[in-house]
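Observations on the three-dimensional arrangement
This is what each chain is made of:
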Amino acid sequence: MPDYSSLPPPQKPANSIPPAQSNGNTTPAGQQAGAEAMPMFYKSPRPLDRAKDANMRLSRPTNFRFAGTTNAIPLLVDEFPMSSAYYPIVFADGPLPIPAAVVGLKNDENLYVDQAGNWAPGAYLPAYVRRYPFILMDDAERKQFVLCVDENSDMLSTSGEYALFEGEEPSEFTKSAMEFCAALRQQGDATDEFVTALKEYKLLKPNDAQIDMPDKSRLQLSGFLVIDPQKFDELPDNVILEWRRKGWLGLVYAQLLSSHRWQALVDLMQQRGQ
């Protein structure tokens, strides 16, 4: 099952499509040919170390350039309602499809991050972005998760706002980061359950988006899945009742309603003069 704390980096097929989709020539999820795949955004994640990080501090991000070269951000089910107000929600195709907020219409371009690195004012900031530069990763020897930080992040320095350690113990800031990352991992399990049910009832269908641009050109996006509203309407009553108890009906409606957000991406492209 997908690990929402360590998703593989986006593929780069010829057409403009959301990341993490297979083009027939990619290595398995979580792997790259000849190297171990890094999670998206992360270049050098490593475990926190009391000795090495005794004087290290972390600052809040002054910009989001680290997220500026992807056209989709992984989502958890708890984020569907807020995300649907700003982004189209799709499912990146794979053995277990991964929900994602589409943030760009071209490969390696996030329209919600401007040239100064600012995220679009007022738009929902996905948890995957808020978590950076922290991440939980597996410690195979100890059979547990360890909190890691991206050593290459410009948020990490000896003069930042928040200390990582206070004496021999993790700081309150670091403990909060650990709790946040652990909560995201738990929400990842809930997301897996929802997506597995969508697959079980064959509710996901391939969807190509044709977007008419103001200059009369047409942009084609492919390689992602959406919920089929007709098949959803045909679900048996007992399944609908079960999904209502689990809170899944709102997730379905959020994804369907988010299809109206494609125009927001076109508007952002126009603002950039593209």
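Anyway, here's the lowdown on the structure attached to this text.

Details of the sheet that holds strand β15 (residues 218-227)
- The five strands lie next to each other as β5-β7-β6-β15-β14, forming an open sheet whose pairing is antiparallel. The two strands at the open ends of the sheet, each matched to only one other strand, are β5 (72-74) and β14 (204-212). Ignoring strand direction, the axes of neighbouring strands in this sheet form an average angle of 45 degrees.
- Across three bridges, the pairing between β5 and strand β7 (residues 98-102) is antiparallel.

Focus: the layout of surface pockets
- Looking at the second largest pocket, its volume works out to about 390 Å³.
- In terms of residue count, the dominant contributor to the lining of the second largest pocket is strand β9 (residues 144-150) (four residues).
- When grouped by side-chain class, the residues that make up the lining of the second largest pocket number eight nonpolar, two polar and six charged.

So, the environment of Ser258
- Within the secondary structure layout, Ser258 lies in the loop between α6 (249-257) and α7 (262-271).
- A relative accessible area of 0% places Ser258 in the buried class.
- Between the C-alpha atoms of Ser258 and Tyr86, which are 172 residues apart in sequence, the distance is 7.7 Å.
- In this structure Ser258 touches Ser84, Tyr87, Pro88 and Ile89, once residues within four positions along its chain are discounted.
- Polar contacts involving the side chain of Ser258 include one to the main-chain carbonyl oxygen of Gln255, which spans 2.7 Å.

Things to note about helix α3 (residues 172-200)
- Its 29 residues place the ends of α3 42 Å apart at the C-alpha level, agreeing with the 42 Å of an ideal helix rising 1.5 Å per residue.
- Residues of α3 that are buried include every one of Thr174, Ala177, Cys181, Leu184, Arg185, Gly188, Thr191, Asp192, Phe194, Val195, Ala197 and Leu198, and no others.

What to know about the sheet that holds strand β8 (residues 134-139)
- Pairing is antiparallel in the open sheet, where three strands are placed in the order β3-β9-β8. Both edges of this open sheet fall to β3 (45-47) and β8, since each of them pairs with a single strand only. Neighbour-to-neighbour, the strand axes of the sheet open up by a mean angle of 45 degrees, direction not taken into account.
- Examined bridge by bridge, β3 and β9 share three bridges and lie antiparallel to one another. Its bridge partner lying in β9, Pro45 is registered against Asp150.
- Against the sheet, α3 makes contact with β8 and β9, and its axis sits at roughly 70 degrees relative to β8, the strand it touches most.

Some points on the packing of aromatic side chains
- This structure, assessed with the given rule, holds 19 aromatic pairs.
- For the pair Tyr87 and Tyr112, a centre-to-centre distance of 4.7 Å together with 70 degrees between the ring planes defines the contact as edge-to-face. Of the two residues, Tyr87 sits in the loop between α1 (80-83) and β6 (89-92) while Tyr112 sits in the loop between β7 and α2 (127-131), which places them 25 residues apart along the sequence.
- Since its relative accessible area comes to 5%, Tyr112 is described here as buried.
- With centroids separated by 6.5 Å and ring planes inclined at 65 degrees, the aromatic side chains of Phe194 and Trp243 adopt a geometry described as edge-to-face. Of this pair, Phe194 sits in helix α3 while Trp243 sits in helix α5 (residues 237-246), placing them 49 residues apart in sequence. Each member of the pair, Phe194 as well as Trp243, is classed as buried.
- Among the aromatic residues, those joined into a cluster by ring pairs are Phe41, Tyr42, Phe64, Phe66, Trp119, Tyr128 and Tyr132.
- Directly above the aromatic system of Tyr128 lies the positively charged group of Arg131, at a separation of 4.6 Å from the ring centroid.
- The ring of Phe145 carries Arg185 above its face, with NZ or CZ at 3.8 Å from the centroid.

Reading guide: rules and limits
- Residues numbered from 1 in each chain as written.
- Predicted model: local features only at pLDDT ≥ 70, side-chain atom pairs only at ≥ 80, totals over all residues.
- Heavy atoms only, no water.
- Pairing = 2+ DSSP bridges.
- Helix = DSSP H or I, 4+ residues; strand = E, 2+ residues; numbered from the N terminus.
- Axes fitted to C-alpha atoms, helices over the stretch in contact; angles between N-to-C directions.
- 1 Å grid on protein atoms, 1.4 Å probe; cavity = no way out; pocket = protein on both sides within 12 Å on 5 of 7 lines; lining within 4 Å.
- Points joined across faces, edges and corners; volume = space filled by probe spheres on them.
- Nonpolar A, V, L, I, M, F, W, Y, C, P; charged D, E, K, R; others polar.
- Buried < 20%, exposed > 50% of the residue type's maximum accessible area, 1.4 Å probe, protein only.
- Contact = heavy atoms within 4.5 Å.
- Polar contact = N/O pair within 3.5 Å; in protein donor to acceptor, adjacent residues only side chain to side chain.
- Expected span 1.5 Å × (residues − 1).
- Phe/Tyr/Trp six-rings, centres within 6.5 Å; stacked < 30°, edge-to-face > 60°.
- Lys NZ or Arg CZ within 6 Å of the ring centre and 35° of its normal.

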